[in-house]
Amino acid sequence: MAKVIHAKLRVRGKEIMARMKFIVAIAFLAILGSLVSALVFMMRDGRNGQAKSSKMVKALALRVGFSILLFICILIGWKLGYIQPTGIAPGQ
């Protein structure tokens with residue numbers, strides 16, 4: 001009985017990890033998309049000495065919002081144990 005429960009929890013953990021990877025990938029794409037749109041607005045509206053439009057500011061604000069959302073999702077995933085830290089051990 002305990003083996004069955006452990007196996008179900010392992011499968012559930014893999015499903016959650018796959019969802020977390022998908023959310024992180026979508027967030028990165030949204031951040032890059034907002035950066036590209038801000039660049040387009042800046043290049044288009046910056047010609048002939050015109051003032052920059054508020055579209056660029058909105059795109060950059062959206063990027064900041066996506067970055068904060070991504071950070072919060074990663075932090076929650078780490079706190080819940082869905083993301084395990086790896087890397088170089090301290091002191092090496």
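Now for a look at the structure at hand. Not measured: the values here are computed from a predicted model.

Cut-offs applied
Residues numbered from 1 in each chain as written. Predicted model: local features only at pLDDT ≥ 70, side-chain atom pairs only at ≥ 80, totals over all residues. Heavy atoms only, no water. Helix = DSSP H or I, 4+ residues; strand = E, 2+ residues; numbered from the N terminus. Buried < 20%, exposed > 50% of the residue type's maximum accessible area, 1.4 Å probe, protein only. Contact = heavy atoms within 4.5 Å. Expected span 1.5 Å × (residues − 1). Patch = residues over 30% accessible without salt bridge, like charges linked within 9 Å, V, L, I, M, F, W, Y side chains within 5 Å. Areas by Shrake-Rupley, 256 points an atom, 1.4 Å probe, with all protein chains shown as cover. Salt bridge = Lys/Arg side-chain N within 4 Å of Asp/Glu carboxyl O.

1. Details of the overall build of the protein
Now for step 1: A tally of helices and strands in the protein yields 2 helices and 0 strands.
Now for step 2: Counting only residues that meet the buried cut, the protein has 13% of its 92 residues in that class.
Now for step 3: Considering only contacts in the protein between residues 6 or more positions apart, those separated by 24 or more positions represent 55%.

2. Quick look at helix α2 (residues 54-79)
Now for step 1: In this model α2 runs 37 Å from its N-terminal to its C-terminal C-alpha over 26 residues, within 8% of the 38 Å that 1.5 Å per residue would give.
Now for step 2: Residues Met 56, Ala 59, Leu 70 and Gly 77 constitute the buried set of α2.
Now for step 3: One or two steps after α2, the chain reaches Gly 81, where phi turns positive at roughly 90°.

3. Quick word on the environment of Ile 31
Now for step 1: Tracing the backbone through its elements, the reader meets Ile 31 in helix α1 (residues 2-45).
Now for step 2: Placed 35 residues apart in sequence, Ile 31 and Phe 66 show a C-alpha to C-alpha distance of 6.1 Å.

4. What about a nonpolar patch on the surface?
Now for step 1: A cluster of nonpolar side chains, Val 64, Ile 68, Phe 71, Ile 72, Leu 75, Ile 76, Trp 78 and Leu 80, forms an exposed patch at the surface whose accessible area comes to about 770 Å².
Now for step 2: With respect to the helices and strands, Ile 72 occurs in helix α2.

5. A look at the side chain of Ser 34
Now for step 1: With respect to the helices and strands, Ser 34 occurs in helix α1.
Now for step 2: Not counting residues up to four positions away in its chain, the partners in contact with Ser 34 are Ala 59 and Arg 63.

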